[in-house]
Amino acid sequence: IHLKEANRHRNCCSFDDCKLTTEWLLSRTRHRPKIAIVCGSGLGLLADNVSNKQTFRYEDIPNFPVSTVPGHEGCLVFGQIKGKSCVFMQGRFHLYEGYSLCKGVYCMVSGPNFETIAEARMLHILGSDSVGMSTVPEVTVAKHCGLRVLGLSLITNKVSLDYSREEKVNHEEVLQISKMRAEMLQNVLLTFIARSHQVETINNSNCIYSNAV
Ligand SMILES: O=P(O)(O)O[C@H]1O[C@H](CO)[C@@H](O)[C@H]1O
Ligand SMILES: Nc1nc2[nH]cnc2c(=O)[nH]1
């Protein structure tokens, strides 16, 4: 499947676009890497010595962005190093190429009921990417107190924008998905806490990254 060139420079793909990319890759490789390495300019050779190598050109992967900079081959390379599955990105994406980080807007409604389809459509038109019933009040108060805040929200369900859609959101589904993803979130939290001293260092050096935390 090839996307039109114009589509390739969109900053964000939808959930369904990313799902298609994931399924396409999962069905073509047996590698299930836990380590991913993004190779900088001219450093694509870091992937040269992997065993059981499997290479996909970015342009052949559905919904995948393409590299435009010389020295960035534009390949996703799966392989093993010391028996561990890895994936290398031979070519990365830069702000100056028109790519940017995928940021989302979280919006809160007071609940306890879920938003109606009309309300969901309104939030969508206003630019919201996700909706919950919490977090905003806590963050507002925390910022007033001068605290630095990191909000982690688990996206548990799709919000319906369509009257013909049969499925309705329900709290049981939210709890079920939360339970399924709790371990993953726990790992994110553990890693974050373990590395929080790095964040301190980065903040103290006034690196732009500090704005993300
Ligand atoms: O925001 P938390 O408390 O995680 O729970 C969210 O999930 C519930 C909806 O199923 C609501 O209570 C909403 O606030
Ligand atoms: N407002 C809102 N809060 C949620 N919390 C979990 N799922 C939802 C949802 O679909 N809407």
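Definitions and limits used
Along every chain, residues carry numbers that run from 1 in the direction the sequence is written. The lettering of chains begins at A and the numbering of ligands begins at 1, in the order of writing. Note on the predicted model: pLDDT of at least 70 is required for a residue's local features to be given, and 80 or more for side-chain atom pairs to be given and counted; whole-chain, interface and lining totals, by contrast, use all residues. As a rule here, side-chain values cover all heavy atoms of the structure and leave hydrogens and water aside. Proximity is defined per residue: if any heavy atom of the residue lies within 4 Å of a molecule or strand, that residue is considered near it. We define a polar contact as two N or O atoms separated by no more than 3.5 Å, with the added condition that, inside protein, one atom must be a possible hydrogen donor and the other a possible acceptor, whereas residues neighbouring each other in sequence contribute only through side-chain atom pairs. Values of accessible area rely on a 1.4 Å probe in the Shrake-Rupley scheme; residue burial ignores everything except the protein chains shown. Side-chain classes are defined by residue name, with Ala, Val, Leu, Ile, Met, Phe, Trp, Tyr, Cys and Pro counting as nonpolar, Asp, Glu, Lys and Arg as charged, and the others, Gly among them, as polar. Only buried Ala, Val, Leu, Ile, Met, Phe, Trp, Tyr and Cys residues count toward a nonpolar core, and they belong to the same one when joined by side-chain atoms within 4.5 Å. To sort residues, take the accessible area from a 1.4 Å probe on protein chains only and compare it with the maximum for the residue type: under 20% means buried, over 50% means exposed, and anything in between is partly exposed. In this description a helix means any DSSP run of H or I spanning at least four residues, a strand means any run of E spanning at least two, and both kinds are numbered starting from the N terminus. Per-residue confidence from the predictor is reported as pLDDT, which spans 0 to 100. Throughout, a residue-residue contact means that at least one pair of heavy atoms, one from each residue, lies within 4.5 Å. Two aromatic rings, drawn from Phe, Tyr or Trp (for Trp, its six-membered ring), form a pair once their centres lie within 6.5 Å of each other, and the interplanar angle then sorts them: stacked below 30 degrees, edge-to-face above 60, tilted otherwise. In a helix, the anticipated span is given by 1.5 Å times the number of residues less one. This arc corresponds to the set of directions leading from the helix axis out to the C-beta atoms.

Peer 1: Give a description of the site of ligand 1 that names residues and reports values.
Peer 2: Contacts to ligand 1 come from Phe-114, Met-133, Ser-134, His-171 and Val-174. Separating an oxygen atom of ligand 1 from a side-chain N or O atom of Ser-134 is a distance of 2.8 Å. Within the side chain of His-171, a nitrogen or oxygen atom sits 2.5 Å from an oxygen atom of ligand 1. The protein chains hide 53% of the 340 Å² of surface that ligand 1 would expose on its own. Split into classes, the residues belonging to the shell around ligand 1 amount to 3 nonpolar, 2 polar and no charged.

Peer 1: How would you summarise the nonpolar core if you had to cite specific residues and measurements?
Peer 2: Note on soluble globular proteins: their nonpolar side chains tend to be buried together. Judged by nonpolar contacts, Trp-24, Leu-25, Phe-56, Tyr-58, Ile-61, Phe-64, Val-66, Leu-76, Phe-78, Val-87, Met-89 and Tyr-99 together constitute the single largest core of 12 residues. Going through the elements one at a time, α2 (15-26), β3 (75-81) and β4 (84-90) are the ones with two or more residues in this core. Judged by nonpolar contacts, the second largest core, of 7 residues, contains Val-50, Cys-75, Val-77 and Phe-88.

Peer 1: How would you summarise the confidence of the model for the protein if you had to cite specific residues and measurements?
Peer 2: Residues with a pLDDT of 70 or more make up 85% of the protein, whose mean pLDDT is 82. For the protein, per-element mean pLDDT is lowest for helix α1 (residues 5-8), which scores 45, and highest for strand β2 (residues 51-57), which scores 96. This stretch, residues 1-10, has a pLDDT under 50; its non-local contacts, to residues over four places away or in other chains, come to 21 contacts. Ignoring residues within four places in sequence, the model shows residues 204-213, a span with pLDDT below 50, making 8 contacts including any to other chains. The complex model carries a pTM of 0.63, and its ipTM stands at 0.94.

Peer 1: A description of the packing of aromatic side chains should follow, citing residues and the corresponding values.
Peer 2: For the structure on display, the rule yields 5 aromatic pairs. Plain terms: the ring middles of Tyr-58 and Phe-64 are 4.9 Å apart, the flat faces sit at 50° to each other, and that makes the pair tilted. Judged by its relative accessible area of 1%, Tyr-58 is buried. A centroid spacing of 5.5 Å and a plane angle of 45° characterise the contact between Tyr-58 and Phe-93, whose relative ring orientation is tilted. Remark: Phe-93 occurs in the loop between β4 and β5 (106-108) and Tyr-58 occurs in the loop between β2 and β3; sequence separation between them is 35 residues. Here a set of aromatic residues connected by ring pairs shows up, and it is made of Trp-24, Phe-56 and Phe-78.

Peer 1: Please provide a residue-by-residue account of unusual backbone geometry, values included.
Peer 2: For the peptide bond that leads from Gly-111 to Pro-112, omega is 5°, which places it in the cis range. With respect to the helices, strands and loops of the structure, Pro-112 is situated in the loop between β5 and α3 (117-125). Positive phi is not limited to glycine here, since Asn-52 has a value of about 50°. As for its placement among the helices and strands, Asn-52 is situated in strand β2.

Peer 1: Describe α2, and please don't skip the residues or the numbers.
Peer 2: Here α2 is 12 residues long and its end C-alpha atoms lie 16 Å apart, about the 16 Å a rise of 1.5 Å per residue gives. Residues of α2 that are buried: Asp-17, Thr-21, Trp-24 and Leu-25. Buried residues of α2, viewed axially, fall in a sector of 95°; they line one side. On its buried side, α2 packs onto β2 and β3.

Peer 1: Summarise the site of ligand 2; cite the residues concerned and give the values.
Peer 2: The local shell around ligand 2 consists of Val-109, Phe-114, Glu-115, Val-131, Gly-132, Met-133, Thr-156, Asn-157, Val-159, Val-169 and Val-174. Glu-115 is positioned such that a nitrogen or oxygen atom in its side chain is 2.6 Å from a nitrogen atom of ligand 2. In the environment of ligand 2, a nitrogen atom lies 2.7 Å from a nitrogen or oxygen atom belonging to the side chain of Asn-157. Protein contact buries 87% of the 280 Å² of open area that ligand 2 shows by itself. Taken together, the residues of the shell around ligand 2 sort by class into 7 nonpolar, 3 polar and 1 charged.

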